[in-house]
Structures are given as C-alpha cells and as structure tokens.
Amino acid sequence: MLDRYEDPVETPHDGYERIGIRSHAKGVFHSYVEPGKELDTAKMHRVASDKFILNITFAWEHAVAITEEEDAGTLVSHRFPQFSFHKELKSHFFKFLMLDRKFREYLELCSPGGAGRNRVLNINDMLKYKINVPSVEEQTKIGEYFDNLDNLITLHQSKHIPST
C-alpha cells in the first residue's frame, strides 16, 4: 500500500529549509540550516506533499507524519524516508491508522537495538505491517468523521481555557 518515494538532490551550501518530525506523531517542524552548517553528506532528499514520512532513528518514539503542502521543497537526510500511497489507500485515512496504538507498538518492534540513536527502524519489517483497508469511499468518510471530531474537541477545549 506504500511505495518508497525519493527525490535526491545535492546538499546545498548556501542554506536551506529542512523539516524534522516530532515524536508521538505530533507532526513536523521547519528549521533553517545556515550556510556552513549543512550536513556532511553529498545527497539530501526533497520533501513532497502528501507522503508518509518518518524518522528511522526515532520511529520507536512514533516519529511519523504525513507531509503537507507547506512541507514540499524542504530537505531531509536519508534518515527520513518518504512513502507514496497506492491509489487504494487515502493518506487522509492512513493518518488515523498511523495514530493507532498497535502501529506505534509495531514501530517499536521493528526498531531493534538499545536506547536512543542505537534503535534504528528496519524499513522492510515495517512495510510488512498488515492493515484492513475499506473502500476509497469509506476511507474518505472515516477520515472526514475523525477530522470533524478533532475540530469539535479543539472547539470545546478552547471554550474551557480561561482567558487572561
């Protein structure tokens, strides 16, 4: 249901925008790499929108996300592989599957080794994860339902936060 996506580019030496991935599936963040502080690698990878991306070093901490339009064009190292979705799998639906506790636990199992940077995700093992996928129409409805639920929760939380 996922295919590896790569767009390698030469590492720029005049500064560039990169993304990082927050643990616990909390999305991505952007930062600027100043000239002279770039990674010591010949190749980087350009990020595209609507891709499943993860940090192989911290996948065991659930460092996963789905890229957005504003992430497109930023750069990442080889430690941030991206995956395209097959036409039978909608990213909007997969977003909620990747938040599932079972998927998080599976990422931990596929990341052997000690603690911290010694626990690197085995991508081939990760790609063996089995999921039940309803029709594209049902995936769309499920994704919309959970989006509406998230929006409703956010709305209610904002009503309960006292203003200062």
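Given the structure is predicted, the values throughout are model-derived calculations rather than measurements. (Residues numbered from 1 in each chain as written. Predicted model: local features only at pLDDT ≥ 70, side-chain atom pairs only at ≥ 80, totals over all residues. Heavy atoms only, no water.)

**Here's the deal with the overall build of the chain**
Along the chain, the regular secondary structure elements total 4 helices and 9 strands. Projected onto its principal axes, the C-alpha positions of the chain cover 50 × 45 × 35 Å. Every one of the 164 residues in the chain was classed for burial, and the buried ones make up 38%. Per element, the accessible surface of the chain, about 10,200 Å² overall, is 51% carbon and sulfur. Of the charged side chains in the chain, 21 are positive and 25 negative; the average position of the first set lies 5 Å away from that of the second. (Helix = DSSP H or I, 4+ residues; strand = E, 2+ residues; numbered from the N terminus. Buried < 20%, exposed > 50% of the residue type's maximum accessible area, 1.4 Å probe, protein only. Areas by Shrake-Rupley, 256 points an atom, 1.4 Å probe, with all protein chains shown as cover. Lys, Arg positive; Asp, Glu negative; His and termini not counted. Charge placed at Lys NZ, Arg CZ, Asp CG, Glu CD.)

**Section: the nonpolar core**
Ranked by size, the top nonpolar core spans 20 residues in total, and within it Phe-52, Leu-54, Phe-94 and Leu-121 carry the most contacts. Top contributing element to this core by residue count: helix α1 (residues 91–98), with 3 residues. Those residues in contact with Leu-121 that sit more than four places away from it in its chain are Leu-54, Ile-56, Ala-59, Leu-107, Cys-110, Ser-111 and Met-126. If you look at the next biggest cluster of nonpolar residues, it comprises 9 residues, including Ile-21, Val-28, Ala-63 and Ala-65. (Core = buried A, V, L, I, M, F, W, Y, C linked by side-chain atoms within 4.5 Å. Contact = heavy atoms within 4.5 Å.)

**Considerations on the sheet that holds strand β6 (residues 52–54)**
Strands sit in the order β1-β9-β6-β7 across an open sheet of 4 strands; the sheet is antiparallel. Each edge of the sheet is formed by a strand with only one pairing partner; in this case those strands are β1 (2–5) and β7 (64–66). Each neighbouring strand pair of the sheet contributes to a mean axis angle of 30°, computed without reference to strand direction. Relative to strand β9 (residues 82–85), β1 runs antiparallel, the two being bridged by 4 bridges. Bridged to Asp-3 within β9 is Ser-84. Here α1 sits on the sheet and contacts β1, β6, β7 and β9; the angle it forms with β7, its principal contact strand, is near 160°. (Pairing = 2+ DSSP bridges. Axes fitted to C-alpha atoms, helices over the stretch in contact; angles between N-to-C directions.)

**Examining the pattern of salt bridges**
Within this structure, the stated rule accounts for 7 salt bridges. For Arg-4, the salt bridge is made with Glu-6, and the minimal N-O distance between the two is 3.7 Å. What makes Arg-4 partly exposed here is its relative accessible area of 45%. Here Glu-6 falls in the partly exposed class, since its relative accessible area comes to 48%. With its nearest N and O atoms 2.9 Å apart, the salt bridge here joins Arg-46 to Asp-7. Residue Arg-46 is located in strand β5 (residues 43–46), and its partner Asp-7 is located in the loop between β1 and β2 (8–10); the two are separated by 39 residues in the primary sequence. (Salt bridge = Lys/Arg side-chain N within 4 Å of Asp/Glu carboxyl O.)

**Here we look at a negative patch on the surface**
On the surface, Asp-50, Glu-68, Glu-69 and Glu-70 cluster together into a negatively charged patch. Within the secondary structure, Glu-70 sits in the loop between β7 and β8 (75–76). (Patch = residues over 30% accessible without salt bridge, like charges linked within 9 Å, V, L, I, M, F, W, Y side chains within 5 Å.)

**Some remarks on the environment of Arg-119**
Mapped onto the fold, Arg-119 is located in the loop between α2 (101–109) and α3 (123–126). Judged by relative accessible area, which is 18%, Arg-119 ranks as buried. Note: C-alpha distance between Arg-119 and Thr-41 (78 residues apart in sequence) is 21 Å. Excluding residues within four positions of it along the chain, Arg-119 makes contact with Ile-56, Thr-57, Trp-60, Glu-108, Ser-111, Pro-112, Gly-113 and Gly-114. Separated by 3.1 Å, the side chain of Arg-119 and the backbone oxygen of Glu-108 make a polar contact. Here the side chain of Arg-119 touches Ser-111 through a polar contact of 3.0 Å, landing on its backbone oxygen. (Polar contact = N/O pair within 3.5 Å; in protein donor to acceptor, adjacent residues only side chain to side chain.)

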